[in-house]
Amino acid sequence: MTQSLGGQESRRAPDSAPGLSGRRLRSLLFAPASRPDLLAKLPRSGPDGVVIDLEDAVAPAAKPEARPHAVAAARDLRRAHPELVILLRVNAVSTEWFADDIAEAAVAELSGVVVPKLDSIEALEEVGNRLAASGVGLPVVAGIETVAGVAYASEVLRPPVEAAYFGAEDYVLDLGGVRTPENAEVHYARSKVAVAARLAGVLAVDQVVVALRDQGRFTADASQGRAMGYRGKLCIHPAQVPWANSVFSPSPEEIERARRMIEVYERAKAEGSGALAFEGQMVDEPLARQARAVLGSVE
Amino acid sequence: MTQSLGGQESRRAPDSAPGLSGRRLRSLLFAPASRPDLLAKLPRSGPDGVVIDLEDAVAPAAKPEARPHAVAAARDLRRAHPELVILLRVNAVSTEWFADDIAEAAVAELSGVVVPKLDSIEALEEVGNRLAASGVGLPVVAGIETVAGVAYASEVLRPPVEAAYFGAEDYVLDLGGVRTPENAEVHYARSKVAVAARLAGVLAVDQVVVALRDQGRFTADASQGRAMGYRGKLCIHPAQVPWANSVFSPSPEEIERARRMIEVYERAKAEGSGALAFEGQMVDEPLARQARAVLGSVE
Amino acid sequence: MTQSLGGQESRRAPDSAPGLSGRRLRSLLFAPASRPDLLAKLPRSGPDGVVIDLEDAVAPAAKPEARPHAVAAARDLRRAHPELVILLRVNAVSTEWFADDIAEAAVAELSGVVVPKLDSIEALEEVGNRLAASGVGLPVVAGIETVAGVAYASEVLRPPVEAAYFGAEDYVLDLGGVRTPENAEVHYARSKVAVAARLAGVLAVDQVVVALRDQGRFTADASQGRAMGYRGKLCIHPAQVPWANSVFSPSPEEIERARRMIEVYERAKAEGSGALAFEGQMVDEPLARQARAVLGSVE
């Protein structure tokens, strides 16, 4: 069963499940497409979404043979977890593997495609064209992880992009800087991406923490990201998933506030009113989507 | 007596008092328009400016009846304090109250109008049109306190805007983030607004500190804001006013430097010279205005 | 002997030494053009580049007589140090001294010209025209040290600009802020300049540390700058030069990685391939230049 997501630009039925920007993505757990054993275990730690990775985690020579594993894993995961967000990370647009990766996405039971190192309008158009050519209307998760991606985030976070992650490691490598646990060197970029995502109505997922088993550091990093507007965390180890889910779960006060906001907003929309003041704040569709995502996390 | 401010775009006489950007606004104290008792007491703590608030502090149902209170309070305050900066905060452009709020501003003895959540060129134009329709040439203080406002600050900080504040609480709410005392989550936005304000020759006023009676925290927050280029602080409690005035008062060295700069600048202007090097720095009109504001604070 | 630099826009032979962006500039030591005694001693502390300063360090009245000193010093330095990066800092474009300063640059044995407070497309064009009129194709080091310079960094960092420095002191003065050792007030601007430089393929040099003899503070500040993508440091005292050289020298791992990257990149280029994935990162020409700069520092 293919899960419909119904993004604005999607060819799938709009009466189906909400697009990615309306889903909760507190945790996005990655595993290499070349490792069927790990792919099968992905849901165990309770992530909101899983990513079958054809990019960084798979060596160039192994990419062709990894694709059928990805398709099989997506099918098995979908069968066992009809509601799970299942994503395929393809290789970057400029690589020789991109076109074949996307072609594979067309036959898999996916919730969307993750496109890493997306950093130009041309690349975004290529993604759209390639998806259209494959006859799929999948939403895209954009990897913003180069200097150009950060600089042009506002241009790149456009449909079919419905979610985005900030990739600190690749960004700093591209910048020629040095990664530190304090994150000062990524503060500007990480802020800029969160702002661009909010403006575009795109759900923002925060950077990886490479110190795999350090709960204190993960929680501090995730809390920082949440304060900056991120809604979830890339996870590269199952142990990180419950930590991410905990940090990015709304408090009872936030849930109650979201409930009130949606109620008022829906009533105003039904009465034909556009902009809407709610408890001193103007509510627009992106904000309402955020609120629905908060509620989605407890329903 | 109506106080003339003579901004560039103002219809009032240009030979009158300087516009807001040439005033000192170390402290801007707010009180709800619905509370005549508090409005009357606003000047007691010695703020550089007072804001009669029709927005956040007044419930929707109470807004119509709050307007006459605002007008009466402005008249009384002006009579007793001819030199005080007296501002009226209207509701945001997109609200149903905006037009009537502005109409009220036309009859009050105001130094300017505060427009909250200003975040698009269209809204700025609407402000200009509405002021023109009311026949008043009042300068505007723009509230930059949404993600769009921060993103488009350079476009929004245009005449008749002569001052702006950064509203951290609303900004973070709009971003979907979390406010923290360390301010890391607003550092990008707070910096961007200060830069845009300086470029536009607009006076920048820093965020509220919600911990009403914590002098240490207020002073630290204000010092941070001052280092980033802000010239004053929004105050929501009279106790905060002397703290703000103290942090944002220039040191004797700064006063002496401003005096020398203005002297050299005026002489150069009289001699027909445009750009001017002063102690290794190029002096332009915005910088000269800053210097005059420094001097204004001790005259 | 005039050192050719062969930037893209240079009139000099392209088969000569690499432009500034391909050089290592871990340390750029300044001395006033009016002090021949200091100029002669510049190379002693081992800086990667020296700057003969006609701007801040020379009083207005002394500028005309400082120019011949600058020319003589450049000639002597070049004779003794054929490979040294020797730069002349002229006065800002808008000053009365700029044109004569550039004319002097044409006769000196320079590696490039430092233009302070560069902050508009018009000024950049004026620099290009003035250099062309003087018949020299010298690369330019742009001083980004005003609010406008930071705001328009992407527009200003264009050929013939091959390197840039961020000037924190002048920037904060222009902003109307306050300098602090923690650098929070420049974090946004310092980040933005590093990003714009990387995008433009321009080498970025970090801010001055005014506490002349405080090694701990210099090293912390330089490490911060390096993490943010800067490749070197402005130095205003010979003691700072070895500290800068140490912080900005690549580690053995970085050298080894650069070597592998260049090898793969050159092979791909020889085979006619454009974009190139190297260890999970897309390699383009600016990144390859960075890698060459790393290697240049040990050859």
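Summarised in this report is the structure supplied together with it. (Residues numbered from 1 in each chain as written. Chains lettered and ligands numbered in written order. Predicted model: local features only at pLDDT ≥ 70, side-chain atom pairs only at ≥ 80, totals over all residues. Heavy atoms only, no water.)

Observations concerning the relation of the copies chain C and chain A
By a simple turn and slide, chain C fits onto chain A: the slide is 0.0 Å along the axis, the RMSD is 0.0 Å, and the turn is 120°. Such values leave the two copies arranged in the relation of a three-fold axis. Scanning chain C for the C-alpha nearest the rotation axis identifies Tyr188(C), at a separation of 3.7 Å. Take the interface residues of chain C: only 10% of them recur as interface residues in chain A, which is what a contact between different surfaces looks like. (Least-squares fit on C-alpha atoms with pLDDT ≥ 70 in both. Contact = heavy atoms within 4.5 Å.)

A short note on the sheet that holds strand 2 (residues 49–53) of chain C
All names here are of chain C. In spatial order, the strands read 1-2-3-4-5-6-7-8; together these eight strands close into a barrel with parallel pairing. Direction aside, neighbouring strands of the sheet carry axes that sit 25° apart on average. Pairing analysis gives three bridges linking strand 3 (residues 85–89) to strand 4 (residues 112–115), with the strands arranged parallel. In the sheet register, Leu 87 faces strand 4, and the bridge partner there is Gly 112. (Pairing = 2+ DSSP bridges. Helix = DSSP H or I, 4+ residues; strand = E, 2+ residues; numbered from the N terminus. Axes fitted to C-alpha atoms, helices over the stretch in contact; angles between N-to-C directions.)

Some words on the interface of chain A and chain B
Each side of the interface is counted separately: chain A has 21 residues, and chain B has 23 residues. A combined buried area of about 1,700 Å² lies between chain A and chain B, and 66% of that area is made up of carbon and sulfur atoms. There are one salt bridge connecting chain A and chain B. One salt bridge connects Arg198(A) with Asp174(B), and the closest N-O pair in it is separated by 2.4 Å. Our enumeration of links across chain A and chain B arrives at four residue pairs in polar contact (both at pLDDT 80 or more). If you list the elements that add at least two residues to the side of chain A that touches chain B, you get helix 8 (184–200), helix 9 (215–227), strand 10 (281–283) and helix 12 (285–296) of chain A. With eight residues, helix 8 of chain A is the largest single contributor of residues to the side of chain A that touches chain B. (Buried area = accessible area lost by both parts, 1.4 Å probe. Salt bridge = Lys/Arg side-chain N within 4 Å of Asp/Glu carboxyl O. Polar contact = N/O pair within 3.5 Å; in protein donor to acceptor, adjacent residues only side chain to side chain.)

Observations regarding the interface of chain C and chain A
The figure often quoted for interface size is the accessible area lost as the parts come together. In this complex, chain C contributes 21 residues to the contact, which on the side of chain A involves 23 residues. Here chain C and chain A share four residue pairs in polar contact (both at pLDDT 80 or more) between them. Every element with two or more residues in the side of chain C that touches chain A is listed here: helix 8 (184–200), helix 9 (215–227), strand 10 (281–283) and helix 12 (285–296) of chain C. Sort the elements by how many residues they give to the side of chain C that touches chain A and helix 8 of chain C lands first, with eight residues. Residues that form the side of chain C that touches chain A fall into these classes: 10 nonpolar, six polar and five charged. (Nonpolar A, V, L, I, M, F, W, Y, C, P; charged D, E, K, R; others polar.)

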